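These are the residues of each chain, in order.
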Amino acid sequence: MPFDHNDHYHRLLLNHVPPGALTALDVGCGTGRFARELAERGLRVEALDVSEEAVAAAGAAPGVDFRVADVTAVRLPEGRYDVITCLASLHHVPFPTVTALRAALAPDGVLLVLGCYRERSAADRAVSLLAVPVNAVARLCVAVWERLRGRPRPAVRAPVRPPTMSLAEIRAEAERLLPGSRVRRLLFWRYLLVFHEDATR
């Protein structure tokens, strides 16, 4: 059933896009739904993904440059992007990749990570247990809605890798590599990391 946890949090992410932002980098863009939403807000978006199938499915969109690329293997221009987003993609690369993403932020730019974490604590298991029935209802509602519209989403095989870092480890590494960042636990097995680059650096 086509309920996408990442899509569910698009509005939350968009609320953190700085007013007046012009340029964005979407890392692990998949089929490009969030990159399109950024472009609809007037941003020029570079969207990267290692999956040729996903980028092919993304097709073309005004204001978006889709490319097959591994963010760990490309040289990102320093100080270019007002917004950098990673939706369920950071756990596919070493966490210190955030240092290269930080360097690519423009002054006053923001890094937004919608990430996955490994469940280890009692709190993790409690939130996971709470999410199960909510997830089931949401999946059913979305499936019914898409059937009524008659427009099911095309299936695309995206690379899948289980997260290895716990939320506590992510918070510790974020504080070390992205001082001043905020990490917030979300319901559907996700966390939100927000980092603002200081214009005076």
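Up top you'll find the structure we're talking about.
Residues numbered from 1 in each chain as written. Predicted model: local features only at pLDDT ≥ 70, side-chain atom pairs only at ≥ 80, totals over all residues. Heavy atoms only, no water.

Q: How would you sum up the packing of aromatic side chains? Please name residues and give values.
A: Under the definition given, this model contains two aromatic pairs. Between Tyr9 and Phe188, the ring centres sit 6.4 Å apart and the planes meet at 55°, which makes this aromatic pair tilted. Placement of Tyr9 in the loop between α1 (5–8) and α2 (10–14) and of Phe188 in the loop between β6 (182–185) and β7 (191–196) is noted, with a sequence separation of 179 residues between them. Given the relative accessible area of 8%, Tyr9 is considered buried. Note on Phe188 and Trp189: the rings are 6.3 Å apart at their centroids and 45° apart in plane angle, and the pair reads as tilted. Residue classification places Phe188 among the buried positions, given a relative accessible area of 3%. Chaining the aromatic ring pairs together yields one cluster made of Tyr9, Phe188 and Trp189. (Phe/Tyr/Trp six-rings, centres within 6.5 Å; stacked < 30°, edge-to-face > 60°. Helix = DSSP H or I, 4+ residues; strand = E, 2+ residues; numbered from the N terminus. Buried < 20%, exposed > 50% of the residue type's maximum accessible area, 1.4 Å probe, protein only.)

Q: How would you explain the pattern of salt bridges if you had to name every residue and give the values?
A: For the coordinates displayed, the defined rule picks out seven salt bridges. The salt bridge involving Glu169 is made with Arg120; its shortest N-O contact spans 2.9 Å. Here Arg120 lies in the loop between β5 (105–115) and α6 (122–149) and Glu169 lies in helix α7 (residues 167–177), a separation of 49 residues in the sequence. Residue classification places Glu169 among the partly exposed positions, given a relative accessible area of 33%. According to the relative accessible area criterion, Arg120 is partly exposed, its value standing at 40%. Across the pair Arg176 and Glu173 runs a salt bridge, and its minimum N-O distance is 2.8 Å. One end of the pair, Arg176, and the other, Glu173, are both in helix α7, three residues apart, so they sit about a helical turn from each other. (Salt bridge = Lys/Arg side-chain N within 4 Å of Asp/Glu carboxyl O.)

Don't take any of this as a statement about function, it's just geometry.
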